[in-house]
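Close look at the chain arrangement
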Amino acid sequence: MNHTVSRDRRIALVFLLPAVVILFVTTIYPMLYALWLSFRSYDLSKPFIPRVFVGVANYVEVLSSQAFLHALLTTFKLMAMTLSVQVVLGVGIALLVTQKLPGMAVVRTLLLIPMMISPVIVGLVWLFLYFPELGYLNYFLSLVGIGPVAWITSTGWALTAIAIADIWQWTPFFMMGTAAALQSLSPEPYEAARIDGNSRFDVFRYITLPQLKPVIISLLFLRAIDAFKIYDIIFVLTKGGPADATEVISLYIYRQSFTFWRMGVGAAASFVSLIIITILITFFFKSLQRSQAALAR
Amino acid sequence: MSSVTLRNVVKRYGQLEVVHGINLEIDEGAFVVLLGPSGCGKTTTLRMVAGLESISDGQLEIASRVVNDVAPKDRQIAMVFQNYALYPHMTVRQNMEFALKPQKLADGEVDRRITEASRILGLEPLLARKPAQLSGGQRQRVAMARAMVRTPKVFLFDEPLSNLDAKLRTQVRLEIAKLHKRLGTTVLYVTHDQIEAMTLADKIVIMKDGHIEQVGSPEEVFASPKNLFVATFIGSPSMNLFQMTVEQAELGLLLTSQPFSVPVPSPLLSKLSPGRQVTLGVRPSDIRIAAKGEPGSFEARVDVVEYLGIEALLNLRIGSQEFIAQVAAAERPVPDQDVSVFFNPAGLHFFDSQSGQAL
Ligand SMILES: Nc1ncnc2c1ncn2[C@@H]1O[C@H](COP(=O)(O)OP(=O)(O)O)[C@@H](O)[C@H]1O
Ligand SMILES: [Mg+2]
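Residues numbered from 1 in each chain as written. Chains lettered and ligands numbered in written order. Predicted model: local features only at pLDDT ≥ 70, side-chain atom pairs only at ≥ 80, totals over all residues. Heavy atoms only, no water.

Concerning the environment of Gln103 of chain B
Residue and element names in this part refer to chain B. Cut-off, in case you're wondering: Helix and strand definitions here come from DSSP, where helices need a minimum of 4 consecutive H or I residues and strands a minimum of 2 consecutive E residues; each element is numbered from the N-terminal end. Only protein chains enter the calculation, and the probe is 1.4 Å; a residue is then buried if its accessible area is under 20% of its type maximum, exposed if over 50%, and partly exposed in between. Contacts are assigned to residue pairs with any non-hydrogen atoms lying within 4.5 Å of each other.
Position of Gln103 relative to the elements: it lies in the loop between α2 (92–100) and α3 (107–121). Judged by its relative accessible area of 29%, Gln103 is partly exposed. The contact partners of Gln103, leaving out residues within four places of it in the chain, are Arg113 and Arg150.

Shown next, in the form of structure tokens:
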């Protein structure tokens, strides 16, 4: 009896092993290695020099560096720009496409396409649109007498240009989530409001929006985590430039690690941003729970 | 004066016609119940009156005004929904305020109406609660209060009690009756429950498959059903039916089935001729146990006795014909024996077997 149990155990472990190995090799080991590295000095251009322990020096450098704080600020600025517009646009479009009109199912599917494209491709598409001399965007703007705008080559416009591309790609995410939530709302309160004669705005403001709030917060939460790590689009469009105008956290880490070869500083910056994103998640979860509790009460 | 009038009102969904030309007049202050089995078009009819569904054909008048193309909010109606349709994130008070918002009343008036409605429906201690914190019965009362504060000309109810348990249903039913008595406002009420209809209605409208089968007071539809459908739908337990044939006997016409026969009553003599198929209907309460050999009685076998306290239901059998009698519990026989039963001659209903219409 005892014998078979331990045998079953061993078989189970054998089956689990591949998954455990993969998880360890791809996630846990790199993370532990990065943590170890963040306390060392390691110059990748001189890989044979021993990795000296430097205590928290890398962390001190990251936290006191103008470039890191600037990258952090740029990341939050970009998040604020993209997420706010995405929520408003996404909810607005969701309200439109959930109307009972012919062809809306097709429209909804078409609107999802940007979300399904790899960010690198999105970056390339917008590179064509933004291209200083040959770009389509400036061509169309010139037709109405505007421009030319130095979309990705001026420090004033570059971050906005990135934001526009990101908004184009991720607004459908909010649209899809909100549309699904809208369709699950019970129709009776709307009929009650129709009989009572409440205005469309009041119905949206006091009936629809409060019921959508938990969904919108969840979507924001998912997008915020992703947006904090934004990399591909920026890498393709501006590589963090011009100057440091679009250098977000992940590009800062990349630059420290693979341009300046300072692996220890890059690793420390990674952990600082991990801590920041964890705080962000906690904050979002709290406010999500609060809004759901408010609905139930 | 008529408060709501339907003239040949039709509802079609594409090719499918679900309400076939309904005519109905609802007097001011009346409590009218649309009664019928599920899917017969009650809700559709009510929603056309509310303006939530368009009217495909015919005319609808509310307070002597044709309102076919009038928006729901301008029809001076208020509706209470089956699942209450309360606004989930608003308190009870806010639910009522929101319903009043379009009327742009002075704050004092809003407060006065909410206070009044809450007092009548006993909602004062609940005003600060949200729907999720209320029981089903309380939610239903909030839904009624929300309809009431708008002081409509007509209240529309769609199966308001169907989500409540049996005990609460009786209680809220009584509250609806009291509310109607107190306010005197016209009510159009939809239900599939004949007891609700009987207890609440001034006038019952019995529907089937998008048609009206009979309109009448509870007494009328119970005592003189126009056809077999109404006869069996109204009353619980439902009316017993016997398939009979008209035969010529020595003393006149007789209705016979295998085990027993009854004489044809004189008003029907001229309508019936030998050979005609007739369905005889007798309510369980019109059957009593008779003394052995009593004239006009016949023998039946007692299969099962269901004791209900004051009364008992007897499941009886004559040959293969089963039927139910409702007798005083004290007089109930024991099962598996033969008893004499007597049909109250005044409680006999005759229907043409072919058309189902009363004779
Ligand atoms: N939107 C609709 N489209 C098509 N048929 C419908 C629609 N709504 C109701 N019906 C049909 O109309 C008939 C009457 O429905 P309803 O009025 O809800 O019945 P009741 O309230 O008496 O149970 C049913 O056969 C139902 O299937
Ligand atoms: Mg219904």
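Here's the deal with the interface of chain A and chain B
The test is simple: Accessible-area loss on putting two parts together, using a 1.4 Å probe and summing over both, is the definition of buried area adopted here. Should a side-chain nitrogen of Lys or Arg be within 4 Å of a carboxyl oxygen of Asp or Glu, the pair is scored as a salt bridge. Think of it as three bins: nonpolar holds Ala, Val, Leu, Ile, Met, Phe, Trp, Tyr, Cys and Pro, charged holds Asp, Glu, Lys and Arg, and polar takes everything else, Gly as well.
At the interface, 20 residues of chain A touch 26 residues of chain B. Note on chain A versus chain B: buried area summed over both sides is about 2000 Å², and carbon and sulfur give 59% of it. For the pair chain A and chain B, the number of links is 3 salt bridges. Residue Asp196 of chain A pairs with Arg150 of chain B through a salt bridge whose shortest N-O separation is 3.0 Å. Mapped by element, the contributors of at least two residues to the side of chain A that touches chain B are α9 (188–196), α10 (200–228) and α13 (263–296) of chain A. Top contributing element to the side of chain A that touches chain B by residue count: α9 of chain A, with 8 residues. Here the side of chain A that touches chain B is built from residues that sort into 11 nonpolar, 3 polar and 6 charged.

Structural notes on the sheet that holds strand β11 (residues 240–249) of chain B
Residues and elements named next belong to chain B. Applied cut-off: One requirement defines pairing of two strands: DSSP has to find at least two bridges between them. Helix axes are fitted to C-alpha atoms over the stretch in contact, other axes to C-alpha atoms as well, and angles between N-to-C directions run from 0 to 180 degrees.
Pairing is antiparallel across the open sheet formed by 5 strands, whose spatial order is β13-β12-β11-β14-β20. Only two strands of the sheet have a single neighbouring strand rather than two, namely β13 (261–263) and β20 (348–352). Here the average twist between neighbouring strands, direction ignored, is 35°. Where strand β14 (residues 277–282) lies against β20, 5 bridges are found, and the strand directions are antiparallel. Across the sheet, residue Gly281 finds its bridge partner in β20, namely His349.

Comments concerning the sheet that holds strand β16 (residues 298–307) of chain B
Residue and element names in this part refer to chain B. Taken together, 5 strands build an open sheet; the order of strands is β15-β19-β16-β17-β18 and the sheet is antiparallel. In this open sheet, the two edge strands, each paired with only one partner strand, are β15 (287–290) and β18 (321–328). Sheet twist, expressed as the average angle between the axes of neighbouring strands with direction ignored, equals 50°.

Digging into the domain arrangement of chain B
Residue and element names in this part refer to chain B. The condition is simple: Those domain boundaries reflect an automatic or database domain assignment. Polar contacts, as used here, are pairs of N or O atoms within 3.5 Å; protein pairs need one atom able to donate a hydrogen and one able to accept it. Residues neighboring in sequence count only if both atoms are side-chain atoms.
In terms of domain boundaries, chain B breaks down into domain 1 (4–233) and domain 2 (241–352). The C-alpha-based centres of domain 1 and domain 2 are spaced at 40 Å. With 8 residues of domain 1 at the interface, the matching set in domain 2 holds 5 residues. Summed over both partners, the interface of domain 1 with domain 2 buries about 580 Å², with 68% contributed by carbon and sulfur atoms. When the buried area of domain 1 at its contact with domain 2 is split by residue, Phe222, Leu228 and Ala231 rank highest and sum to 67% of it. Joining domain 1 to domain 2, the criterion identifies 0 salt bridges. Connecting domain 1 to domain 2 are 1 residue pair in polar contact (both at pLDDT 80 or more). Of all the elements in the fold, those that place two or more residues in the side of domain 1 that touches domain 2 are α7 (218–223) and α8 (228–233). Taken together, the residues of the side of domain 1 that touches domain 2 break down into 6 nonpolar, 2 polar and no charged.

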